[in-house]
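Chains, contacts and geometry: an overview
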Amino acid sequence: MWASGFALRVEWALKLKGIEYEYVNEDIPFNKSEELLRLNPVTKKIPVLVYNGKPLAESLVIIEYIDETWKEGYSIMPKDPYDRAQARFWAKFADDKCTMPLFHVFSTEGEAQQKAVEEAREVFKTLEKALEGKKFFGGDCINYLDLAIGWFAFWLPIIEETVSISMVDDENAPLLKAWFGNFLEVDVIKSILPPRDKTCEMSKMRREQLLSAE
Ligand SMILES: N[C@@H](CCC(=O)N[C@@H](CS)C(=O)NCC(=O)O)C(=O)O
């Protein structure tokens, strides 16, 4: 699943740490490999990190594990316990509250879509509170929370283009909009992004599939 935002989180973390890795693609959701089902029999989802023969699932859990296992080099988790807890809080908020409205905007039309758009605008406006007075969620440099939220910077404008509706813009969430640009300009991040044109094409195709399946 080359365009997965959850897999991107892990690749970004590995790259920030300068860890060499082998990337294995999965054909999600209809053609999962035997190996994926063996490595992650619980949720059967990607990403899965395998290190020393031991598998680990859940992208945010994996990022923390990477930071704790390779202590040298780039610090991904904030040093201060309160900052660390706050970063986890906002990462959870993004996963729990932002992803679903966005999916509904993507997969519906008409009134249901309009309702989801309003909800999405509201939660992204709330999310940008964590950015106030800072260039990145991590402060002057990117950290755990930037990686956790990072896939929105890539995917949200593609979803907006697919449905021709703006959600994160200079009017609704100017700080978040500016952060999209700043985050995608970071060298490590830029070096691991799916091809935009191919992703847009896939996004449009997927929306058609979802709408016709209703
Ligand atoms: N909470 C999980 C979400 C992972 C996830 O949703 N992965 C998707 C691909 S983007 C997947 O494997 N879907 C297959 C399925 O739902 O069966 C994480 O952060 O790792």
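Going by the annotation in an unreviewed UniProt entry, the name recorded for the protein is glutathione transferase, with Rhynchospora tenuis given as the source organism. Looking at the Catalytic activity (unreviewed entry) heading of the UniProt record, one finds this comment for the protein: "RX + glutathione = an S-substituted glutathione + a halide anion + H(+)".

When helices and strands are tallied, the protein shows nine helices and two strands. Counting from the amino terminus, the protein carries its helices and strands in the arrangement α-α-β-β-α-α-α-α-α-α-α. Relative to a compact globule of 214 residues, whose C-alpha radius of gyration would be 17 Å, the protein shows 17 Å and is just as compact. By its C-alpha atoms, the protein is 50 × 45 × 30 Å across when sized along the principal axes. Across the 214 residues in the protein, those meeting the buried criterion constitute 44%. Of the contacts formed within the protein by residues at least 6 apart in sequence, a portion of 70% connects residues at least 24 apart. On the protein, roughly 11,900 Å² of surface is accessible, and the fraction owed to carbon and sulfur atoms is 53%. Computed over 27 positive and 36 negative side-chain charges, the inter-centroid distance for the protein is 3 Å.

Okay, the domain arrangement of the protein next. As assigned here, the protein comprises domain 1 (5–69) and domain 2 (81–213). The straight-line distance from the C-alpha centre of domain 1 to that of domain 2 is 21 Å. Taken together, the contacts link 13 residues of domain 1 with 17 residues of domain 2. Buried surface at the junction of domain 1 and domain 2, both sides included, amounts to about 1,500 Å², of which 73% is carbon and sulfur. Counting every contact that joins domain 1 to domain 2 gives two salt bridges.

Below, the discussion takes up the site of the ligand. Every residue lining the ligand is accounted for by S4, F6, R9, I28, K32, K45, I46, P47, E58 and S59. Contacts to the ligand include E58, whose side-chain N or O atom sits 2.8 Å from a nitrogen atom. Taking 510 Å² as the accessible area of the ligand by itself, protein coverage stands at 76%. Taken together, the residues that form the shell around the ligand break down as four nonpolar, two polar and four charged.

Our next topic: the UniProt feature "domain: GST C-terminal" (unreviewed entry) in the protein. Sequence positions flagged by UniProt for "domain: GST C-terminal" (unreviewed entry) are, in local numbering, residues 80–211. Taken end to end, residues 80–211 comprises 73% helix and 0% strand; its first and last C-alpha atoms sit 46 Å apart.

With that settled, the discussion passes to helix α9 (residues 196–213). Residues separated by three or four positions in an α-helix point in the same direction, a consequence of the helix having 3.6 residues per turn. Look at α9: 25 Å from first C-alpha to last across 18 residues, which is about the 26 Å you get at 1.5 Å a residue. Within α9, burial applies to T199, C200, M202, S203, R207, L210 and L211. Taken down its axis, α9 places every buried residue within 165 degrees of arc, on the same side. Exposed residues lying more than 90 degrees from the buried face of α9 are D197, E201, M205, E208, S212 and A213. Residues of α9 that are buried make contact with α4 (81–107), α5 (110–127) and α6 (144–163).

So, about the pattern of salt bridges. Close approach of charged atoms allows side chains of opposite charge to pair. Taken as a whole and assessed by the stated rule, the structure comprises nine salt bridges. A salt bridge links R9 to D95; its shortest N-O distance comes to 2.7 Å. Of this pair, R9 sits in helix α1 (residues 5–17) while D95 sits in helix α4; the two residues are 86 residues apart in sequence, bridging distant segments of the chain. Given the relative accessible area of 1%, R9 is considered buried. Connected via shared salt-bridge partners are E161, R196 and K204.

Parameters at a glance
Residues numbered from 1 in each chain as written. Predicted model: local features only at pLDDT ≥ 70, side-chain atom pairs only at ≥ 80, totals over all residues. Heavy atoms only, no water. UniProt positions renumbered as here; feature names shortened; annotations may be inferred. Helix = DSSP H or I, 4+ residues; strand = E, 2+ residues; numbered from the N terminus. Rg over C-alpha atoms; globule rule 2.2 N^0.38 Å. Buried < 20%, exposed > 50% of the residue type's maximum accessible area, 1.4 Å probe, protein only. Contact = heavy atoms within 4.5 Å. Areas by Shrake-Rupley, 256 points an atom, 1.4 Å probe, with all protein chains shown as cover. Lys, Arg positive; Asp, Glu negative; His and termini not counted. Charge placed at Lys NZ, Arg CZ, Asp CG, Glu CD. Domains from an automatic or database assignment. Buried area = accessible area lost by both parts, 1.4 Å probe. Salt bridge = Lys/Arg side-chain N within 4 Å of Asp/Glu carboxyl O. Near = heavy atom within 4 Å. Polar contact = N/O pair within 3.5 Å; in protein donor to acceptor, adjacent residues only side chain to side chain. Nonpolar A, V, L, I, M, F, W, Y, C, P; charged D, E, K, R; others polar. Expected span 1.5 Å × (residues − 1). Arc of directions from axis to C-beta.

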